[in-house]
Amino acid sequence: MSTYILGIESSCDDTSAAVLKDDVILSNFIANQEIHRKYGGVVPELASRSHQQNIIPVIDQALKEAKINKNQLDAIAFTRGPGLLGSLLVGTSFAKSFALGLGIPLIEINHLQAHILAHFAQKPEHRIETPEFPFLCLTVSGGHTQIVRVNHYFDMEILGQTIDDAAGEAFDKTAKIMSLGYPGGPIIDQLAREGNEGAFEFPHPNISDLDYSFSGLKTSILYFLRDQLKKDDDFIENNKRDLAASIQYTIINILMKKLVKASKETGIKEIAIAGGVSANSGLRKAIKDGEKKYGWTTYIPAFEFTTDNAAMIAITGLFKFQSGAFTDQKVTPYSRSNANFQND
Ligand code: KG4
Ligand code: ZN
């Protein structure tokens, strides 16, 4: 008999619902909140209000696209954290009441584990290759940058992580400094395609072990631009493609250096990337190039599974469903998670 799981994601500014039949995605519907563009970043209070407006139509749409009735669902998986508390609360409360009403199990999901396990979700058209355990996953999003050793679905170990800004923030904040718009990652990615990555050189952080730091890069870009703007008011406008390419090149090099180190230290050559920044064309190419350079087998997610989506929540829910890891109705969200991907 097949298992139908509904996934609900509401940790940041996207409201998403997905239906899985076993490990196959029947629907994965995402409502982006445009309102935040106006403010150049996510406004938490506006995000939770939009989730409230979106959640019922989004779930309704996901069920319709999956061509199933709510009574066919076997369980409801939802993002418990980390993320914005107000936003998480909307998804959590809805998931709790919906599961209670339908009399089916409730399953809490850690958003970061879900980004990684998105690699196991299958599309209906054809089956994709999934990573073999143990593998390393570079999780790069707007809030996190981590190298994770994945021994099994729920046996994950953070080998290194950022001590300050996340890789996505490095993109977003530099785009903001350059007045390019929000979110900065896709805009820089687009501009970089037509720029010269060697045009400007920015310093690399000197951080020990497998950890990352991106706040120094942001500051050096800020000072560099400030000095150039003193000489030429139009410096950014005239050089935006080269600037974007050089900044992206630096961020990718920083990310790759530690990932290569982690692979050498652990001897693991199964390499995956996850999270919003894994949509970056330069990073995807750099990872892929690792196949020839380092003998890696690489797993690069389809674009719709890079940024926040509920399919990743539902597939993680399926693995928990199979082991009977259900959640009590007393559950509350958490904004941060610790090294064991638990409530902090
Ligand atoms: O995983 P995600 O959707 O949300 C979080 O959990 O944070 O990641 C969002 C981040 C943003 O910082 C955004 O700028 C970045 O992913 N991003 C990109 C690209 N697309 C999204 N960064 C670089 N290049 C892209 N193409
Ligand atoms: Zn995310």
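Residues numbered from 1 in each chain as written. Chains lettered and ligands numbered in written order. Predicted model: local features only at pLDDT ≥ 70, side-chain atom pairs only at ≥ 80, totals over all residues. Heavy atoms only, no water.

## Comments concerning the nonpolar core
Phase 1 of the analysis: Leu138, Phe214, Ile251, Leu255 and Leu283 are the most contacted members of the largest nonpolar core, which totals 43 residues.
Phase 2 of the analysis: For this core, the element with the most residues is helix α7 (residues 235-266), which contributes 14 residues.
Phase 3 of the analysis: Counting 34 residues, the second-largest nonpolar core is a separate cluster that includes Ala121, Ile158, Ala272 and Ala314. (Core = buried A, V, L, I, M, F, W, Y, C linked by side-chain atoms within 4.5 Å. Buried < 20%, exposed > 50% of the residue type's maximum accessible area, 1.4 Å probe, protein only. Helix = DSSP H or I, 4+ residues; strand = E, 2+ residues; numbered from the N terminus.)

## Digging into the site of ligand 1
Phase 1 of the analysis: As a structural note, the neighbourhood of ligand 1 is formed by 19 residues, with Gly142, Asp172, Asp189, Gly276 and Asn280 the closest of them.
Phase 2 of the analysis: Contact distances for ligand 1 include 3.3 Å between an oxygen atom and a side-chain N or O atom of His111.
Phase 3 of the analysis: Within the backbone of Gly168, a nitrogen or oxygen atom sits 3.3 Å from an oxygen atom of ligand 1.
Phase 4 of the analysis: In isolation ligand 1 exposes 560 Å². Once the protein is present, 88% of that is buried.
Phase 5 of the analysis: Sorting the residues of the shell around ligand 1 by element identifies α3 (111-117), α4 (167-177) and α5 (184-192) as the ones contributing at least two each.
Phase 6 of the analysis: Its residues placed into classes, the shell around ligand 1 shows 5 nonpolar, 11 polar and 3 charged. (Near = heavy atom within 4 Å. Polar contact = N/O pair within 3.5 Å; in protein donor to acceptor, adjacent residues only side chain to side chain. Areas by Shrake-Rupley, 256 points an atom, 1.4 Å probe, with all protein chains shown as cover. Nonpolar A, V, L, I, M, F, W, Y, C, P; charged D, E, K, R; others polar.)

## Observations concerning the coordination of the zinc ion (ligand 2)
For a metal with four tetrahedral donors the ideal donor-metal-donor angle is 109.5 degrees, whereas six octahedral donors ideally subtend 90 or 180 degrees.
Phase 1 of the analysis: Binding of the zinc ion (ligand 2) to the protein goes through His111 (NE2), His115 (NE2) and Asp308 (OD), at separations of 2.0 to 2.1 Å.
Phase 2 of the analysis: Around the zinc ion (ligand 2) sit 4 donor atoms, and with donor-metal-donor angles ranging over 93 to 146° the site reads as irregular.
Phase 3 of the analysis: Donor residues for the zinc ion (ligand 2) sit on one chain with the sequence pattern H-x3-H-x192-D. In this pair, His115 sits in helix α3 while Asp308 sits in the loop between β10 (297-299) and α9 (311-322), placing the two residues 193 residues apart along the sequence.
Phase 4 of the analysis: Taking relative accessible area as the criterion, Asp308 reaches 15% and is therefore assigned buried. (Donors = N, O, S within 2.8 Å, 3.2 Å for Na, K, Ca; no water. Tetrahedral: all angles 85-135°; square planar, octahedral: opposite > 155°, others 65-115°.)

## Observations regarding the packing of aromatic side chains
Phase 1 of the analysis: A full pass over the atoms with the stated rule returns 15 aromatic pairs.
Phase 2 of the analysis: Their ring planes at 50° and their centres at 5.5 Å tell us that Phe94 and Phe98 sit as a pair that is tilted. Of this pair, Phe94 and Phe98 both sit in helix α2 (residues 85-102), 4 residues apart, roughly one helical turn. The two residues Phe94 and Phe98 agree in class, both being buried.
Phase 3 of the analysis: Ring geometry for Phe120 and Phe135: centres 6.3 Å apart, planes at 50°, overall tilted. Taken together, the residues Phe120 in the loop between α3 and β6 (135-140) and Phe135 in strand β6 connect sequence positions 15 residues apart. For the pair formed by Phe120 and Phe135, the shared burial category is buried.
Phase 4 of the analysis: Aromatic rings pair up to connect Phe120, Phe133, Phe135, Tyr153 and Phe319 into one cluster.
Phase 5 of the analysis: A cation over a ring is seen here: Lys320 above Phe154, with NZ or CZ 5.5 Å from the ring centre. (Phe/Tyr/Trp six-rings, centres within 6.5 Å; stacked < 30°, edge-to-face > 60°. Lys NZ or Arg CZ within 6 Å of the ring centre and 35° of its normal.)

## Quick notes on the environment of Thr174
Phase 1 of the analysis: Within the secondary structure, Thr174 sits in helix α4.
Phase 2 of the analysis: Measuring from C-alpha to C-alpha, the distance between Thr174 and Ala66 comes to 40 Å, with 108 residues separating the pair along the chain.
Phase 3 of the analysis: A polar atom in the side chain of Thr174 sits 2.6 Å from the backbone oxygen of Ala170.

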